[in-house]
Amino acid sequence: MNSINTSAFHTEEYRIQQGLGVAERIGEQTKGFIRPFMPEQHRAFFCSSPFMVAGVVDSHGHPWAIPFWGEHTNVDDHHYIESPSPTQLSLALSDNVDWLINDAAQLDVNTGSKIALLGLQLSTRRRNRLNGLILHNRGGVIRVQVEQSYGNCPQYIHPRDTLPRDVAPALPASSITNSNVKAQYAQSNGLTKKDALLVAQADTFYIASRHSKFTADPRHGLDVSHRGGKNGFIKVDGDTLLFPDFSGNKFFNTLGNIESDGRVGLCFVDDNNGDILLVNGKASILWSHPKLAAFTGAERFVQVVIQNVTRVFAIYPFKHPIIERSIHTEHTGAW
């Protein structure tokens, strides 16, 4: 087995591909696919996205998955993202997102910090990925330098609309630095009953992960990804979560980062009230498990031991009513 890794994937991603016998095929398929720039189609796609999901680390280096959006949340008037060149994106974030980053989660969005971005068009199930560096962050505007840009598999995305919420967030402020922000949050070391119910009933979440070392190598950074399945595909067992890993594009970005570092951030959105639930913990891959054969579609499980939880109340400005279920989840299991 060839141990020299000249692919677009870091050592742990490549090692998983090798172990599963797909490294050579994926290496051939992805030549020129993972680029240090955005093609015009991706630039236009990102700039038309009403929201994105970002992967950013906190001051301790732990990754968080955080939704990004602009000040104007009319889905037909969302010009908060610009692309001044094929290698840069500029995001003018809303006051709520700025507060979420700096006050509620206290994330590292300084110049030179790593960042991952996931652009989604839920109605068409299209998604594109961008991993890079923060060039600057001034006045709520974050400019990102591209390190890796590529499209991604839409298999487990449930087609949904993206609509503005009927009622804007209007709760008493807590730890607020900007008078335009109206939000509050609660933090704990584990899930409340309300949190556990949201996770156990979810059919979608986002997961941010990181390489153990941030270096100049573009493969050594952050990643943020979508996960979907049937309602109930995540098992909640106290402060441990267990969810299946289904067959995808075989890049193993998330799994490779888990093998490298293990720290992850999960994001769940409560479509009923606009709450955002942010779960941070330590992940491990369960390559074998007593329930694996019985859980239809699962190729392995991912286990997350929860370390802390943040629920931000009524802050998310969109709702995503489902149009139909992804056909790729029809024959997969649920707990």
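If you're wondering where the values come from, they're calculated on a predicted model, not measured in any experiment.

Basis of the calculations
- Residues numbered from 1 in each chain as written.
- Predicted model: local features only at pLDDT ≥ 70, side-chain atom pairs only at ≥ 80, totals over all residues.
- Heavy atoms only, no water.
- Helix = DSSP H or I, 4+ residues; strand = E, 2+ residues; numbered from the N terminus.
- Buried < 20%, exposed > 50% of the residue type's maximum accessible area, 1.4 Å probe, protein only.
- Contact = heavy atoms within 4.5 Å.
- Pairing = 2+ DSSP bridges.
- Axes fitted to C-alpha atoms, helices over the stretch in contact; angles between N-to-C directions.
- Phe/Tyr/Trp six-rings, centres within 6.5 Å; stacked < 30°, edge-to-face > 60°.
- Lys NZ or Arg CZ within 6 Å of the ring centre and 35° of its normal.
- Parallel < 35°, antiparallel > 145°, perpendicular 65-115°, else oblique.
- Left-handed = near helix turned anticlockwise from the far one by under 90°.
- Nonpolar A, V, L, I, M, F, W, Y, C, P; charged D, E, K, R; others polar.
- Polar contact = N/O pair within 3.5 Å; in protein donor to acceptor, adjacent residues only side chain to side chain.
- Salt bridge = Lys/Arg side-chain N within 4 Å of Asp/Glu carboxyl O.
- Core = buried A, V, L, I, M, F, W, Y, C linked by side-chain atoms within 4.5 Å.

Examining the environment of Gly112
Part 1 of the argument: With respect to the element layout, Gly112 can be found in the loop between helix H4 (95-104) and strand S5 (114-121).
Part 2 of the argument: Note on Gly112: relative accessible area 48%, which makes it partly exposed.
Part 3 of the argument: Residues Gly112 and Pro159, spaced 47 residues apart in sequence, show a C-alpha to C-alpha distance of 35 Å.
Part 4 of the argument: When residues no more than four places from it in sequence are discounted, the contact partners of Gly112 are Leu133 and Ile134.

Comments concerning the sheet that holds strand S3 (residues 81-85)
Part 1 of the argument: With antiparallel pairing, the 7 strands of this open sheet are ordered in space as S2-S1-S5-S6-S7-S4-S3. The sheet is open, and its two edges are formed by strand S2 (63-69) and S3, each paired on a single side. Recorded for the sheet is a direction-independent mean angle of 35 degrees between the axes of neighbouring strands.
Part 2 of the argument: When strand S6 (residues 126-138) meets strand S7 (residues 141-151), the two strands line up antiparallel, connected through 10 bridges. Bridge pairing in S7 places Asn128 opposite Gly151.
Part 3 of the argument: Lying on the sheet, H4 is in contact with S2 and S7; it crosses S2 at an angle near 170 degrees.

What about the packing of aromatic side chains?
Part 1 of the argument: For the structure on display, the rule yields 16 aromatic pairs.
Part 2 of the argument: The cationic tip of Arg210 hangs over the ring face of Phe214; the distance from NZ or CZ to the ring centre is 3.9 Å.

Thoughts on the packing of helix H1 (residues 11-19) against helix H6 (residues 253-260)
Part 1 of the argument: At a minimum axis separation of 7 Å, H1 and H6 run at an interaxial angle of 115 degrees. As far as their axial angle goes, H6 and H1 are roughly perpendicular. In this structure, the crossing between H1 and H6 has a hand that is right-handed. Of the residues in H6, those in contact with Glu12, Glu13 and Ile16 of H1 are Asn253, Leu255, Gly256, Glu259 and Ser260.
Part 2 of the argument: Looking at the contact of H1 with H6 residue by residue, the class counts come to 2 nonpolar, 3 polar and 3 charged.

Points about the side chain of Arg160
Part 1 of the argument: Relative to the assigned elements, Arg160 resides in the loop between S7 and strand S8 (163-164).
Part 2 of the argument: A polar contact is formed between the side chain of Arg160 and the side chain of Asp203, at a distance of 2.4 Å.

Topic: the pattern of salt bridges
Part 1 of the argument: What the rule picks out here adds up to 16 salt bridges.
Part 2 of the argument: Of the charged contacts, one joins Asp275 and Lys194 as a salt bridge, the two residues approaching to 3.8 Å between their closest N and O atoms. Taken together, the positions of Asp275 in the loop between strand S14 (263-269) and strand S15 (276-286) and Lys194 in helix H5 (residues 193-201) put the pair 81 residues apart, joining distant regions of the chain.
Part 3 of the argument: Here Lys194 falls in the partly exposed class, since its relative accessible area comes to 47%.
Part 4 of the argument: Taking the shortest distance from any N to any O, the salt bridge between Asp195 and Arg311 comes out at 2.7 Å. Within this pair, whereas Asp195 is found in helix H5, its partner Arg311 is found in strand S16 (residues 298-313), the two being separated by 116 residues in sequence.
Part 5 of the argument: Residue classification places Arg311 among the buried residues on the basis of a relative accessible area of 4%.
Part 6 of the argument: Several salt bridges converge on common partners, so that one network encompasses Arg227, Asp245, Lys250, Glu299 and Arg300.

Section: the nonpolar core
Across soluble globular proteins, nonpolar side chains show a tendency to be buried alongside one another.
Part 1 of the argument: Residues Phe51, Phe68, Leu91 and Leu117 are the most contacted members of the largest nonpolar core, which totals 51 residues.
Part 2 of the argument: Per-element tally for this core: the top contributor is strand S1 (residues 51-57), with 6 residues.
Part 3 of the argument: When neighbours within four sequence positions are excluded, Phe51 is seen to be in contact with Phe68, Trp69, Tyr80, Leu120, Leu122, Thr162, Tyr206, Tyr316, Phe318 and His320.
Part 4 of the argument: In this structure, Ile34, Ile234, Phe246 and Val304 belong to the second largest nonpolar core, which totals 39 residues.

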